[in-house]
Amino acid sequence: MNALPASTDDSALWDAWLSAYRLPVLTVADEVGTFRALAEALGTTEQLAAGLGVDARALGIHLSLIAAMGFAERREGRWAATAETRRWLHPEAEGYFGPLLAGYRQTNALHDQLLATLRTGDKAEGHSSSVEEWERGAMPAELAERVTALMNAHSRAAAKAVAQQGLFTEVTSLMDVGGGSGIFCIELARAWPGLRATVMEIDVVGQQAARYIAAAGVADRVGTAAVNMFTEEWPQGHDALFFSNVFHDWSEKTNRLLAGKAHAALAPGGRILLHEMLLDDDACGPMTTAAFSVLMLLGTRGRQYTFAELRYCLEGAGFVDVQAQRTGGGYYSLVSGRKG
Ligand SMILES: C[S@@+](CC[C@H](N)C(=O)[O-])C[C@H]1O[C@@H](n2cnc3c(N)ncnc32)[C@H](O)[C@@H]1O
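Residues numbered from 1 in each chain as written. Predicted model: local features only at pLDDT ≥ 70, side-chain atom pairs only at ≥ 80, totals over all residues.

Observations regarding the overall build of the protein chain
Here's step 1: When helices and strands are counted, the protein chain shows 15 helices and nine strands.
Here's step 2: Over its C-alpha trace the protein chain gives a radius of gyration of 21 Å, about what one expects of a compact globule, namely 20 Å for 340 residues.
Here's step 3: Judged by the C-alpha coordinates and their principal axes, the protein chain covers about 65 × 50 × 35 Å.
Here's step 4: Here the protein chain holds 340 residues, and the buried ones make up 45% of them.
Here's step 5: The long-range fraction of contacts in the protein chain, counting pairs at least 24 apart against all pairs at least 6 apart in sequence, stands at 71%. (Helix = DSSP H or I, 4+ residues; strand = E, 2+ residues; numbered from the N terminus. Rg over C-alpha atoms; globule rule 2.2 N^0.38 Å. Buried ≥ 20, exposed ≤ 12 C-beta atoms within 10 Å, placed from the backbone. Contact = placed C-beta atoms within 7 Å.)

Re the packing of helix α4 (residues 45-52) against helix α5 (residues 56-68)
Here's step 1: Running from amino to carboxyl end, α4 crosses α5 at an angle of 110°, the nearest separation of the two axes being 9 Å. Judged on the interaxial angle alone, α5 and α4 are roughly perpendicular. Relative to α5, α4 is oriented so that their crossing is right-handed. Two secondary-structure elements touch here, α4 through T45, E46, L48 and A49 and α5 through A56, L59, G60 and L63. (Axes fitted to C-alpha atoms, helices over the stretch in contact; angles between N-to-C directions. Parallel < 35°, antiparallel > 145°, perpendicular 65-115°, else oblique. Left-handed = near helix turned anticlockwise from the far one by under 90°.)

Digging into the domain arrangement of the protein chain
Here's step 1: Per the domain assignment, the segments of the protein chain are domain 1 (11-120) and domain 2 (133-339).
Here's step 2: If you average the C-alpha positions of domain 1 and of domain 2, the two centres end up 31 Å apart.
Here's step 3: Opposite the 20 residues of domain 1 that make contact, domain 2 presents 19 residues.
Here's step 4: Where the side of domain 1 that touches domain 2 is concerned, the elements lending two or more residues are α1 (11-18), α2 (22-32), α5, β1 (72-75) and α8 (109-120).
Here's step 5: Among the elements that line the side of domain 1 that touches domain 2, the one with the most residues is α5, at seven residues. (Domains from an automatic or database assignment.)

Here's the deal with the site of the ligand
Here's step 1: Near the ligand, the surroundings consist of 17 residues, among which W134, S155, G178, G180 and S244 are the closest.
Here's step 2: A class-by-class count of the residues in the shell around the ligand yields seven nonpolar, eight polar and two charged. (Near = placed C-beta within 6 Å. Nonpolar A, V, L, I, M, F, W, Y, C, P; charged D, E, K, R; others polar.)

Focus: the packing of α5 against helix α14 (residues 287-299)
Here's step 1: At a minimum axis distance of 8 Å, the contact between α5 and α14 shows a crossing angle of 155°. One finds that α5 runs roughly antiparallel with respect to α14. Crossing hand, α5 versus α14: left-handed. Of the residues in α14, those touching α5 at A58, I61, H62, S64, L65 and A68 are M287, A290, A291, S293, V294 and L297.
Here's step 2: Partitioning the contact of α5 with α14 into residue classes produces nine nonpolar, three polar and no charged.

Some words on the pairing of β1
Here's step 1: In the sheet, β1 pairs with strand β2 (residues 78-81) via four bridges, with the strands oriented antiparallel. Paired with R74 across the strands is W79, a residue of β2.
Here's step 2: Between β1 and β2, which pair antiparallel in sequence order, lie two residues; one of them, E76, sits at a positive phi of approximately 50°. (Pairing = 2+ DSSP bridges.)

Quick word on the sheet that holds strand β9 (residues 332-339)
Here's step 1: Judged by pairing direction, the sheet is mixed, and its seven strands sit side by side in the order β5-β4-β3-β6-β7-β9-β8 without closing on themselves. If you trace the sheet from one side to the other, it starts and ends with β5 (222-226) and β8 (319-326), each paired once. Averaged over all pairs of adjacent strands, the angle between their axes in this sheet comes to 20°, without regard to strand direction.
Here's step 2: In the sheet, β8 pairs with β9 via six bridges, with the strands oriented antiparallel. By the bridge assignment for β9, Q325 is matched with L334.
Here's step 3: Sitting on the sheet, helix α11 (residues 183-191) is in contact with β3 (173-177), β4 (196-201), β5 and β6 (240-244), with an inclination near 180° to β4.

A word on the environment of A39
Here's step 1: Within the secondary structure layout, A39 lies in helix α3 (residues 34-40).
Here's step 2: Its 18 C-beta neighbours within 10 Å are what place A39 among the partly exposed residues.
Here's step 3: In this structure the C-alpha to C-alpha distance between A39 and L167, which are 128 residues apart in sequence, comes to 47 Å.
Here's step 4: In contact with A39, not counting residues within four places along its chain, are A81, T85, R86 and H90.

Regarding unusual backbone geometry
Here's step 1: For the bond running from G285 to P286, omega is -5°, close enough to zero to count as cis.
Here's step 2: Looking at where P286 falls in the secondary structure, it is placed in the loop between β7 (271-277) and α14.
Here's step 3: The phi dihedral of E76 falls on the positive side, at around 50°, and the residue is not glycine.
Here's step 4: Residue placement: E76 occurs in the loop between β1 and β2.
Here's step 5: With a phi close to 55°, N245 is a non-glycine residue in the positive phi region.
Here's step 6: Along the chain, N245 falls in the loop between β6 and α13 (252-265).
Here's step 7: Classification of N245 as buried rests on a count of 22 C-beta atoms within 10 Å.

In structure tokens:
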């Protein structure tokens with residue numbers, strides 16, 4: 001065997017995986033007229049969406065990736081075409097690429113899915129998603145096994161990086177809300193011998209997590225709690241509540257509800273920790289985070305958020321000292337707040 005151990009940085013894989021969304025976002029923008037609109041008048045997302053007859057939230061998500069690719073820029077909240085856009089993507093430009101882009105409309109299934117989400121603002125039919133099962137709090141065991149294995153693979157490097165963060169010196173009991181395979185609790189238990197952790201999940205996913213926890217040999221300090229985070233009471237008595245890739249699945253309204261439930265479940269001084277890939281403050285990148293946001297548009301009710309958006313949500317629920325730091329695990333950051 002010549003395999004190497006996992007590290008904290010898997011960004012090459014994320015870049016390759018999420019690059020799949022770049023071209024179809026361009027072919028859709030070409031079809032609906034986004035590039036001409038950007039070139040002809042400065043506008044906010046809402047103004048552009050009204051002019052194009054598309055959903056504003058979805059357009060904002062598309063524009064973040066278009067900007068990250070260098071084909072739009074935003075100043076003081078208003079979008080504009082870049083010189084590259086006016087040179088190659090404006091339908092009246094000498095160098096218009098439209099005929100080439102049109103050739104990729106039929107060959108890429110993501111084109112139709114992205115076009116539909118742009119028009120309706122809702123998730124795409126036909127794109128793999130578990131969001132309806134998550135809303136119900138139940139899913140078939142076979143689906144839970146498949147989705148949990150996927151999450152476990154995509155969170156391994158990130159979990160190793162999270163476990164290196166010094167703030168866990170102050171944490172003795174942590175609950176991972178929507179903790180998937182339990183990989184964050186497993187890595188934290190390995191790194192911090194004094195820490196106990198609970199994976200809070202819908203029942204069928206918690207059963208999968210219990211298998212990963214037992215295989216990692218940390219079942220003496222890591223357990224599971226079967227709780228539907230929307231409809232049931234949350235266990236109390238933990239000094240940190242950790243959420244990884246959970247807020248990005250949901251709308252700002254649902255996230256306010258989750259932050260409120262977290263605040264109610266913590267004792268004064270307790271911490272909330274949001275592990276997310278943050279969009280830049282102007283929402284124009286990073287490229288892979290903007291592409292992840294497009295994936296969330298297709299399959300969930302959410303998107304990637306900026307630090308300011310998450311801070312606003314946490315402060316609205318009563319958290320103080322809200323801060324963010326990159327973890328060193330790919331593109332991820334940890335946003336932390338304290339119950340005053
Ligand atoms: C995107 S996954 C993130 C998994 C893990 N935190 C990670 O980063 O690898 C979202 C998780 O939230 C869980 N979840 C969704 N709806 C839930 C609900 N109603 N109650 C509890 N957990 C839920 C899902 O089962 C899933 O494991």
